[in-house]
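Architecture at a glance
Listed here are the chains, written in short residue letters.
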Amino acid sequence: MKKLVLILVIALITTTFMLTGCGEPDPAKGKTKVVFWHAMGGTLGDVLTGMIDDFNKQNPDIYVDPQFMGNYQTLSQKLMAAAQVHNTPTLAQAYEAWTQNFIDSGIVEPVENFMTDSFDKDDFFKVMIDNNTFNGKIYSFPFNKSMPVLYVNRDILKEAGIDKIPSTQKELLEAYRKITATGKYHGTAFSAKDVWNFLCLILQNGGKITNEDETKAYFQTPEAKKALEYLMTIIKEDLGYLTNGYDHQAEFLAKKVGIITSSSVSKAYMEDSVTFDWATAPLPKGVKNAAILSGTNIIIFNDNKDNCSPEQQAAAWKFIKWFTDTEQTAYWSIMTNYMPVRKSSLDTKQMKEHLAKEPLLKAALDQLPYAQFEPKSSKWYQCRQELGDIQEKAFTEKGDIDKYLKEMNDKINKFLNEGK
Amino acid sequence: MLKRKSSRDRFLKITVHTILILGAITMLFPFFWMVSTSFKTQSEISENTTALFPHAIHFKNYVDAWKTSASSGFGRYFINTIFVAVTTTIGQLFLSSLAAYAFAFFSFKYKEKIFLILLGTMMIPQQALLVPDYIILYRLGWLDTYAALIIPWICSAFSIFLMRQFFRGIPKELFEAATIDGCTKLGFYFRILLPLSIPVMLTSGMFTFLGSWNSFIWPLIVTNSPKLRVIQVGLSNFAQAEGTQWGLLMAASTFCTVPLIIMYFFVQKRFIQGIATSGMKE
Amino acid sequence: MNKKTKAFLTALCYIIPGALIVLTFHFIPIFYSLYYSFFKGGLGAKTFVGLSNYIELLKDAEFWASIRHTLFYVVGTVPTTIILSLFIAMLLNSKIKGLSVYRTIYFLPVITSINAVSLVWKWLFHNQHGLLNSVLNGMGFESINWLGDPNWAMISIIIMSIWKGLGYNIIIFLAGLQGIPKHLYESAEIDGAGVWHKFRNITVPMISPVTFFVLVMSTISSFQVFAQVYMMTQGGPAKATTVIVYHLYDKAFQKFQLGASSAIALVLFLMIFTMTLIQRKVAEKKVHYSN
């Protein structure tokens, strides 16, 4: 009897699947299909798929099929596997170092090849285009770029007697001291391994990370030394403490620290949890203002005959163009806090209305004019990891700064020139 | 004399229970934490991180988590997961037990060598299998189908090993007597061995089912379509690069685990009874 | 056809359906890895480099460190798990009330997905507001920076892994214990044997096949520890938890060096294989099979 029930259940499930499998009409039938692998989950994913639906409605001859790959790690695993057998999608999100690797293998179609003269390249922030230019050619296009900003707990600032949100490195350090002096909070918390902070500080000090060709590291410079010393002061004076990954956000939300540096996009993950008066502000100024863009770009592949025919590539470009047009980029930015890629989007009515209501995004936008990016070398992921490890070591050992900087410089020089 | 013994017994019993209860609390705690967090609001979670209990039972996380993801929501994920896990388990039980039967009862050339090769397949980590298996599935044309989710897992060296161990406990004389009485090898497998093997089938089946239910990277690598996606992929929606929605993640983790607990509670008795009654060892 | 060949072919009929699956998806990949391990470059274009991936591997300090970390993990996890799970299984086997409830509870960690529990444990281990540290502080001890201190991070991973795998081994041992014929104990008791004597002379030899099984399986899986490291520490802090498989993953999918990572996979394979062979050799002498 039991067995009979079991068999029946299985038969039922199987037939259900046969039916659903065959019954669903193929939405791409008779259309140009663009397969898009992305890693936007949760609400970000909902916004993205909503926009793609709109695009598909507006373009009845194209069907963009968004395929969610869980997270960036699995996306990179999958791209790696797919590249082995030329089974790549039409479009995918990719970090610069991935793109450089793909370019070296010759499987990316430069988006520049699709740009006609009428394409108004100049309306894009220069940094966005430069960020996607490899060996003088625009290969990829900015997709979801985020900006680091200061997140400030105003209540704690008030308690510590600080009436103005710090705008220079010096003021910020002072603020950390005052907050820590309350005895109730720490000034800040940051990831021991993430070098986003460190690199931003170098740029704010007027320094550079590498030379133009990305063949020579610039860590044994006064600017880099000042940057590492700054962070070291925070640790040595116990003005802030170290965390893992994005955990410093949790510290901020739990009212343990007064100020953190984090991605503009994190706002969406924090706003439901905030129980205090908060604000965002641009990163502090050193000798100049600087902030490093992060996040991925979008690339078009050319090595899969099923997904990358000229029509599909053209359709993919049409989608990219649409996604980054003035109106869409404003919408994407408003919904997700990723950076708008076009200047004109800042003048749209919706963006202006949004900023009036939501000043949090403003701090990030204010940094766009002077934003920079990290090296794009195919080795950069490795370098970044190595920098993180040395930085972590420096924070835990608290030894001689020059020693760590030398180690950074030697390692990065070695990686950058490997295989050259 | 008798009295003394019974009071000693009682003392012993209490000690045993105390140890077991302490152990049980340790075992249970992380799970308890997961459930407790799933009932907290997002701000509650960040404000008081060590609170054991939620202020109030807050069901909204469950509702939101279930509805999440524009493409499908957890309903479809569950149907897929159940279908994949059930078929994988059935296939696994059948194919692995057939092979284990041969290894346990037959004597033939290269037996040890073949067995070692099979055993060797357990020694390659899944991370190293991903690219080669993707290529193999691509060549077979199975990418983005249920076949890719099910077929590579319908037999495993682990199950063969587990079952062989169990079958070894069944006296060979039984097999020899049956074959002398004119029972065919296949007949012995179906009529005598399988009925005796329910416990190991449950054990091995449970592990296969768990493995399938909890797999995350494999389904992502071998499928593309949202309609083939499974629950663990759904969970990844709540833990993204820029932040984690703890309440939702814990709620979804809870409702993904509860079916397994219920299932285990019902099979567990036979699960063990069985391996014990495999007895007949003397 | 001679008898031997016939026996071989008959056996094959039973083995082939399953073996085909296992070989295709779990054995052929070993040859793919072998092939890739002779090449450099991960995405598409590759250049043949002979054995240089292996030579670089032998010179790679990080690789050696990852082997050390893995061995530390294996030594920290396997014996503890075996002793603890045998102990609890024996308690559960003493005809106590509430057996099925205990059994379910102890098995819970096995059921739950490693990804979900890793996140929960990360929380429990949290330096500032993790529950473990609150308990320590409550008992008057200082906080331990579990996952943030290179000296503690691997121990934290080990604790979590023991917790996760204990229930599974308890069940296996429990089954083994219940399979021991009662009369052996009874006759020993008549001879006046004490608890330790019974354990030493009846329990240990009678469950030795089970112990062997648990030993082999947990060694194999411990050498491949990955998920908890990936979820909880990403190999850090200061690479203290970079185990072999994490190193392999990092090389393949974050640095796109498929060749180097394949070489690691093969070395790992050989290590585990040798380990298992040694265990089998030892077991042949020590394990007591009742039939």
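As annotated in an unreviewed UniProt entry, chain C carries the name Sugar ABC transporter permease and comes from Muiribacterium halophilum. As its UniProt record puts it under Sequence similarities (unreviewed entry), chain C is described as follows: "Belongs to the binding-protein-dependent transport system permease family." The UniProt entry for chain C carries this comment under Subcellular location (unreviewed entry): "Cell membrane".

In the annotation of an unreviewed UniProt entry, chain B is listed under the name Sugar ABC transporter permease and assigned to Muiribacterium halophilum. For chain B, the Sequence similarities (unreviewed entry) comment in UniProt is given as "Belongs to the binding-protein-dependent transport system permease family." We quote the UniProt Subcellular location (unreviewed entry) comment for chain B here in full: "Cell membrane".

What follows concerns the overall build of chain B. Across its full length, chain B carries 14 helices and 2 strands. For 282 residues, the compact-globule formula gives about 19 Å, and the C-alpha radius of gyration of chain B, at 24 Å, lies well above that figure. Once the C-alpha set of chain B is aligned to its principal axes, its extents read approximately 75 × 70 × 30 Å. By residue count, 51% of the 282 residues in chain B fall in the buried class. At a minimum sequence separation of 6, the contacts of chain B that also span at least 24 residues come to 78%.

In this section: the overall build of chain C. From N to C terminus, chain C includes 13 helices and 2 strands. Oriented by its inertia axes, the alpha-carbon framework of chain C measures out at about 75 × 75 × 30 Å. Burial analysis of chain C (291 residues in total) assigns 48% to the buried set. A separation of at least 24 residues holds for 69% of the contacts in chain C among residues at least 6 apart in sequence.

Time to look at the interface of chain C and chain A. On the chain A side, the residues contacting the 17 residues of chain C number 23 residues. Class assignment of the residues belonging to the side of chain C that touches chain A gives a composition of 8 nonpolar, 7 polar and 2 charged.

Further remarks concern the interface of chain C and chain B. Listed as interface residues are 72 residues of chain C and, on the opposing side, 74 residues of chain B. At 21 residues, the largest contribution of residues to the side of chain C that touches chain B is made by helix α1 (residues 3-36) of chain C. Across the side of chain C that touches chain B, the residue classes tally to 50 nonpolar, 20 polar and 2 charged.

Right, let's get into the UniProt feature "transmembrane region" (unreviewed entry) in chain B. Residues and elements named next belong to chain B. Cross-referencing UniProt, the feature "transmembrane region" (unreviewed entry) maps to residues 12-33, 77-103, 115-140, 146-167, 188-210 and 246-267 in the present numbering. The span residues 12-33 is 100% helical and 0% strand by assignment, and the distance between its end C-alpha atoms comes to 31 Å. Span residues 146-167 is 73% helix and 0% strand, its end C-alpha atoms 32 Å apart.

To continue, consider the sheet that holds strand β12 (residues 278-281) of chain A. Backbone hydrogen bonds are what pair the strands of a sheet, in a parallel or an antiparallel way. Residue and element names in this part refer to chain A. Read from one edge of the open sheet, 3 strands run β11-β8-β12, paired in antiparallel fashion. Unpaired on one side and paired on the other, β11 (259-263) and β12 mark the two borders of the sheet. Recorded for the sheet is a direction-independent mean angle of 30° between the axes of neighbouring strands. Note that strand β8 (residues 148-153) and β12 share 4 bridges and pair antiparallel. Considered in β12, the bridge of Y151 is made with T280.

What follows covers the pairing of strand β2 (residues 62-68) of chain A. All names here are of chain A. Most of β2 sits out of view: 7 of its 7 residues are buried. By the alternation rule, side chains of β2 split into I62, V64, P66 and F68 and Y63, D65 and Q67, which are all buried. Two elements, strand β1 (residues 32-38) and β2, share 7 bridges in a ladder whose sense is parallel. When the sheet's bridge partners are listed, F36 is paired in β2 with P66.

A few words now on the domain arrangement of chain C. Residue and element names in this part refer to chain C. Taken domain by domain, chain C holds domain 1 (1-36) and domain 2 (52-286). Listed by partner, the interface residues are 4 residues for domain 1 and 6 residues for domain 2. Looking at the side of domain 1 that touches domain 2, its residues break down into 3 nonpolar, 1 polar and no charged.

Once that is clear, we can look at unusual backbone geometry. The phi dihedral of N135 of chain A is positive, around 50°, even though this residue is not glycine. Mapped onto the secondary structure, N135 of chain A falls in the loop between β5 (133-134) and β6 (137-138). Classification of N135 of chain A by C-beta neighbours within 10 Å gives exposed; the count is 9. Of note, D144 of chain B is a non-glycine position whose phi angle comes to about 60°, a positive value. Relative to the helices and strands, D144 of chain B is located in the loop between α6 (126-140) and α7 (146-150). Here D144 of chain B falls in the partly exposed class, since 16 other C-beta atoms lie within 10 Å of it.

What follows concerns the UniProt feature "transmembrane region" (unreviewed entry) in chain C. Residues and elements named next belong to chain C. The sites that carry the UniProt feature "transmembrane region" (unreviewed entry) are, in the present numbering, residues 7-32, 71-92, 104-124, 152-177, 206-227 and 256-278. Span residues 7-32 is 100% helix and 0% strand, its end C-alpha atoms 32 Å apart. Across residues 256-278, helical content stands at 91% and strand content at 0%; the span's end C-alpha atoms are separated by 35 Å.

This next bit is on the UniProt feature "domain: ABC transmembrane type-1" (unreviewed entry) in chain C. Within the UniProt annotation, "domain: ABC transmembrane type-1" (unreviewed entry) is assigned to residues 67-279 of chain C. Helix makes up 77% of residues 67-279 of chain C and strand 0%, with an end-to-end C-alpha separation of 19 Å.

Next up on the list: the confidence of the model for chain C. Low-pLDDT stretches of the model should not have their predicted coordinates read in fine detail. Of the residues in chain C, 97% have a pLDDT of 70 or more, and the chain-wide mean is 88. We note a pTM of 0.90 for the whole complex and an ipTM of 0.88 for its interfaces.

To continue, consider the UniProt feature "domain: ABC transmembrane type-1" (unreviewed entry) in chain B. Following the UniProt record, one finds the feature "domain: ABC transmembrane type-1" (unreviewed entry) at residues 78-267 of chain B. Each end of residues 78-267 of chain B is marked by a C-alpha atom, and these two atoms are 21 Å apart; helix forms 74% of the span and strand 2%.

Inspection of the secondary structure assignment puts E212 of chain A in the loop between α8 (196-204) and α9 (222-236). Judged by local crowding, E212 of chain A falls into the exposed class, with 7 C-beta atoms found within 10 Å.

In this structure, R200 of chain C sits in helix α9 (residues 195-206). In this structure the C-alpha to C-alpha distance between R200 of chain C and T77 of chain C, which are 123 residues apart in sequence, comes to 23 Å.

Right, let's talk about the packing of helix α3 (residues 72-84) of chain A against α6 of chain B for a bit. Packed helices, taken two at a time, are described by the angle between their axes plus the distance between the axes. Running from N to C, α3 of chain A and α6 of chain B cross one another at 45°; their axes reach a closest spacing of 9 Å. It follows that α3 of chain A is oblique to α6 of chain B by the angle criterion. In the packing of α3 of chain A onto α6 of chain B, the handedness of the crossing is right-handed. Residues Q77, M80, A81 and Q84 of chain A of α3 of chain A form the contact with α6 of chain B, whose participating residues are L130, V131, Y134 and I135 of chain B.

Right, let's talk about α1 of chain C for a bit. With 34 residues, α1 of chain C should cover 50 Å at 1.5 Å per step; its first-to-last C-alpha distance of 42 Å lies more than 12% under that length. Largest kink in α1 of chain C: about 50°, centred on I15 of chain C, with the proline P17 of chain C one to four residues after it.

This next bit is on the confidence of the model for chain B. Looking at chain B, pLDDT values average 84 and 92% of them are 70 or higher. Counted against residues more than four places away or in other chains, residues 276-282 of chain B, with its pLDDT under 50, gives 16 contacts.

Cut-offs applied
Numbering of residues starts from 1 in every chain and runs along the sequence as written. In the order they appear in the text, chains get letters beginning with A and ligands get numbers beginning with 1. Confidence filtering applies because this is a predicted model: local features only for residues at pLDDT of at least 70, side-chain atom pairs given and counted only at 80 or more, and all residues used for totals across whole chains, interfaces and linings. UniProt positions are given in the numbering used here, feature names are shortened, and annotations may be inferred rather than shown by experiment. The helix and strand labels rest on DSSP assignments: H or I over at least four residues marks a helix, E over at least two residues marks a strand, and numbering proceeds from the N terminus. We compute the radius of gyration over the C-alpha atoms and compare it with the globule rule, which gives 2.2 Å times the number of residues raised to the power 0.38. The burial label depends on the number of other C-beta atoms within 10 Å of a residue's C-beta. Counts of 20 or more mean buried, 12 or fewer mean exposed, and intermediate counts mean partly exposed, with C-beta atoms placed from the backbone. Contact between two residues is assigned when their C-beta atoms, built from the backbone, lie within 7 Å. Each residue receives one of three labels: charged for Asp, Glu, Lys and Arg, nonpolar for Ala, Val, Leu, Ile, Met, Phe, Trp, Tyr, Cys and Pro, and polar for the others, Gly being one of them. Two strands make a pair as long as DSSP finds a minimum of two bridges between them. Axis lines are fitted through C-alpha atoms, for helices just across the contact stretch, and the angle between N-to-C directions can take any value from 0 to 180 degrees. Marked domain ranges trace back to an automatic or database domain assignment. The pLDDT value expresses, per residue, how confident the predictor is, ranging between 0 and 100. Angles below 35 degrees are treated as roughly parallel, those above 145 as roughly antiparallel, those between 65 and 115 as roughly perpendicular, and all remaining angles as oblique. By convention the crossing between two helices is left-handed if the near helix lies anticlockwise of the far one by an angle smaller than a right angle, and right-handed if it lies clockwise. Here the expected length of a helix is defined as 1.5 Å per residue gap, with one fewer gap than residues. Bend is the name given here to the angle between axes fitted to two runs of seven residues, the run ending at a residue and the run starting at it.

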